[in-house]
Amino acid sequence: MWFVLLAGAVFASGWVQTASNIVFWLIGAIHLAEFFAKRTVLERAGGSMVNHFVQVLMYGVFHWKPLEEQQAASATDGS
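All of the buried residues along helix H1 (residues 2-11) are Leu5, Gly8 and Ala9. Relative to the axis of H1, the buried residues are bounded by an arc of 95° and lie together on one face. In this structure, H1 carries Phe3, Val10 and Phe11 as exposed residues pointing more than 90 degrees from its buried face. Where the residues of H1 are buried, they touch helix H2 (15-37).

This is the structure we're talking about:
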């Protein structure tokens, strides 16, 4: 989706370019806020925070939600 929005922002004209720019930056801001809001989940998951940052920018909730569910399940199991 990022590539489609970027292509629309660069190669399109008129309202398509405007809409692509707005959606591109809006989604980027949302994913950035998502990263900082779920930073503790990502830190507890281990691994590279740079990798987590890129994954959240690309996939958003589809990256951190499974990690959060896995941590919640292991907390209730007592592991």
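Next comes the rest of the description.
Viewed as axis vectors pointing N to C, H2 and helix H4 (residues 49-59) meet at an angle of 140°, and their least axial separation amounts to 8 Å. Here H4 runs oblique to H2, going by the angle between their axes. Like other packed secondary-structure pairs, H2 and H4 cross with a definite hand, here right-handed. Across from Gly28, His31, Leu32, Glu34 and Phe35 in H2, the residues of H4 making contact are Met49, His52, Phe53, Val56, Leu57 and Tyr59. By residue class, the composition of the contact of H2 with H4 is 7 nonpolar, 3 polar and 1 charged.

Turning our attention to the pattern of salt bridges. Applying the stated criterion across every chain yields a total of 3 salt bridges. Here Glu68 and Lys38 are joined by a salt bridge, their closest N and O atoms 2.8 Å apart. You can see Glu68 sitting in helix H5 (residues 61-77) and its partner Lys38 sitting in the loop between H2 and helix H3 (39-45), a full 30 residues away along the chain. One salt bridge in this structure joins Arg39 and Glu43, with 3.3 Å as the shortest N-O distance. In this pair, Arg39 and Glu43 are both assigned in helix H3, 4 residues apart and thus about one turn of the helix distant. Here Arg39 falls in the partly exposed class, since its relative accessible area comes to 37%. With a relative accessible area of 44%, Glu43 lands in the partly exposed category.

Attention now goes to the nonpolar core. If you look at the biggest cluster of nonpolar residues, it comprises 6 residues: Phe35, Val41, Leu42, Val56, Trp64 and Leu67. Looking at this core, the elements that each hand over two or more residues are H3 and H5. Discounting residues that sit within four places of it in the chain, Phe35 has contacts with Leu42, Met49, His52, Phe53 and Val56.

Reading the values: the criteria
Residues numbered from 1 in each chain as written. Predicted model: local features only at pLDDT ≥ 70, side-chain atom pairs only at ≥ 80, totals over all residues. Heavy atoms only, no water. Buried < 20%, exposed > 50% of the residue type's maximum accessible area, 1.4 Å probe, protein only. Helix = DSSP H or I, 4+ residues; strand = E, 2+ residues; numbered from the N terminus. Arc of directions from axis to C-beta. Contact = heavy atoms within 4.5 Å. Axes fitted to C-alpha atoms, helices over the stretch in contact; angles between N-to-C directions. Parallel < 35°, antiparallel > 145°, perpendicular 65-115°, else oblique. Left-handed = near helix turned anticlockwise from the far one by under 90°. Nonpolar A, V, L, I, M, F, W, Y, C, P; charged D, E, K, R; others polar. Salt bridge = Lys/Arg side-chain N within 4 Å of Asp/Glu carboxyl O. Core = buried A, V, L, I, M, F, W, Y, C linked by side-chain atoms within 4.5 Å.

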